[in-house]
Amino acid sequence: MPSLDKPPIVTNTVKWRFPAVHPEGRKYVLISAAVTALFLFAIWDELGFLLVGVTIWVAAFFRDPVRVTPQGEGLIVSPADGLVTMIERVPVPREIAGPDGLNEATRVRVSIFMSVFDVHINRTPVAGTIRQVVYIAGKFLNADLDKASEENERQHFVVETRDGLRVGFTQIAGLVARRIVTFVKTGDMVAAGQRIGLIRFGSRVDVFLPDDYAAQVALGQRCIAGETVVGRKGGVVAEGIAQ
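The structure displayed is predicted, hence computed values, not measured ones. (Residues numbered from 1 in each chain as written. Predicted model: local features only at pLDDT ≥ 70, side-chain atom pairs only at ≥ 80, totals over all residues. Heavy atoms only, no water.)

Visitor: Is there a simple way to explain the nonpolar core in this structure?
Guide: As a rule of thumb, soluble globular proteins bury nonpolar side chains together. Among the nonpolar cores identified, the biggest contains 29 residues, and Ile76, Ile87, Val110, Val207, Leu209, Val217 and Val230 are the most heavily contacted of them. Among the elements of the structure, strand E4 (82–91), strand E5 (106–114), strand E8 (154–160), strand E9 (166–173), strand E12 (195–199), strand E13 (203–209) and strand E14 (213–215) are those that each provide at least two residues to this core. The greatest single-element share of this core, amounting to four residues, is contributed by E5. If you look at the next biggest cluster of nonpolar residues, it comprises nine residues, including Val29, Phe61, Phe62 and Ile121. (Core = buried A, V, L, I, M, F, W, Y, C linked by side-chain atoms within 4.5 Å. Buried < 20%, exposed > 50% of the residue type's maximum accessible area, 1.4 Å probe, protein only. Helix = DSSP H or I, 4+ residues; strand = E, 2+ residues; numbered from the N terminus.)

As structure tokens, this is what we get:
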């Protein structure tokens, strides 16, 4: 028996592991697996082999990998995995404008497009308190289109940090997506990079940077939710970005 007087062994290594499937997606994986098994053993095994690939894809779609969020003041991290498709100054969505929302008339919006192969768990870009959660029913246009931010099904969030800074971000359903799922509500306290929801099957997330924050990503760059820094207070604007 090892001595209880010895201090515990401390390790500075991390082992890779397969990402877990988020509970929200487990029923879809089970349904896909059941249909696959039915075809494999009772109906049409050739199609069943193809459905094995579909089941693997469904499990991968709802994967929920561990993320390590950068620590420090004045950082805004990406709320989504995906491709930066737009960086531009736009009017603040009317649903989260005004004194109870983001206040400013315009902000720099960073749009991140999630393909059906990206992780679809969304995370809060800053730590603080959820001040607003506003759901808007709408269409299901291609999420890569600019007008999707005004016409598609979407959900706005406003998070207020402990020093009073308010950061807004929006989940936008896409051409394939048909459901926005939320894990938080108004009044909840969240840590930077905490999971706040997901969008099923392809979509977009916009984050609105405060005026004293500079965008730290460029068009065509890939972001990792909860890890990539998309905005920095007083930072240098990434090359080629107009603010």
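Now that the structure has been shown, we can carry on.
Visitor: Honestly, the layout of surface pockets in this entry has me stumped. Any pointers?
Guide: Over the atoms rolls a probe the size of a water molecule, and its path tells where empty space is left. One number sums up the size of the largest pocket: a volume of about 420 Å³. When grouped by side-chain class, the residues that make up the lining of the largest pocket number nine nonpolar, six polar and four charged. If you add up the space inside the second largest pocket, you get close to 260 Å³. Contributing to the lining of the second largest pocket are 16 residues, with Pro91, Pro93, Arg109, Ser149 and Glu150 lying nearest its centre. Among the secondary structure elements, those contributing two or more residues to the lining of the second largest pocket are E4, helix H3 (148–151), E8, E9 and E13. (1 Å grid on protein atoms, 1.4 Å probe; cavity = no way out; pocket = protein on both sides within 12 Å on 5 of 7 lines; lining within 4 Å. Points joined across faces, edges and corners; volume = space filled by probe spheres on them. Nonpolar A, V, L, I, M, F, W, Y, C, P; charged D, E, K, R; others polar.)

Visitor: Sorry, what's going on with the sheet that holds strand E11 (residues 189–190) here?
Guide: Hydrogen bonding along the main chain pairs the strands of a sheet, whether they run parallel or antiparallel. Read across the open sheet, the eight strands follow the order E11-E7-E8-E9-E13-E5-E4-E15; overall the sheet is antiparallel. With one partner strand each, in any of the chains shown, E11 and strand E15 (222–223) form the two edges of the open sheet. Pairing between E9 and E13: six bridges, direction antiparallel. The residue bridging glycine 168 from the neighbouring strand is phenylalanine 208, located in E13. (Pairing = 2+ DSSP bridges.)

Visitor: Just to check I follow, could you spell out the pattern of salt bridges for this structure?
Guide: Two side chains with opposite charge may pair up if their charged atoms get near one another. Counted by the stated rule, this structure contains 13 salt bridges. Between arginine 195 and aspartate 64 there is a salt bridge, and its shortest N-O distance comes to 2.9 Å. You can see arginine 195 sitting in strand E12 and its partner aspartate 64 sitting in strand E2 (residues 63–64), a full 131 residues away along the chain. According to the relative accessible area criterion, aspartate 64 is buried, its value standing at 12%. Close ionic contact of arginine 166 with glutamate 160 constitutes a salt bridge, the shortest N to O distance being 3.4 Å. Salt bridges linked by common partners bring Asp64, Arg123 and Arg195 together as one network. (Salt bridge = Lys/Arg side-chain N within 4 Å of Asp/Glu carboxyl O.)

Visitor: Help me out: how do you make sense of the packing of aromatic side chains in this one?
Guide: Ring pairs (aromatic) are described by centroid distance and by the angle formed between their planes. Under the defined criterion, the tally for this structure stands at two aromatic pairs. Ring centres 5.5 Å apart and planes at 10° place the aromatic pair tyrosine 28 and phenylalanine 62 in the stacked group. Of the two residues, tyrosine 28 is situated in helix H1 (residues 23–43) and phenylalanine 62 in the loop between helix H2 (45–61) and E2; the sequence distance between them amounts to 34 residues. Phenylalanine 62 sits in the buried class, given a relative accessible area of 2%. Measuring from centroid to centroid gives 4.9 Å for phenylalanine 157 and phenylalanine 169, while their planes differ by 10°, and the two rings are stacked. Pair noted here: phenylalanine 157 is in strand E8 and phenylalanine 169 is in strand E9, with a separation of 12 residues, a long-range link. Accessibility assignment for this pair places phenylalanine 157 and phenylalanine 169 in one class, buried. (Phe/Tyr/Trp six-rings, centres within 6.5 Å; stacked < 30°, edge-to-face > 60°.)

Visitor: Can you walk me through a nonpolar patch on the surface in this structure?
Guide: Residues Leu38, Ile43 and Trp44 make up a contiguous nonpolar surface patch of roughly 340 Å² in combined accessible area. Position of tryptophan 44 among the secondary structure elements: in the loop between H1 and H2. (Patch = residues over 30% accessible without salt bridge, like charges linked within 9 Å, V, L, I, M, F, W, Y side chains within 5 Å. Areas by Shrake-Rupley, 256 points an atom, 1.4 Å probe, with all protein chains shown as cover.)

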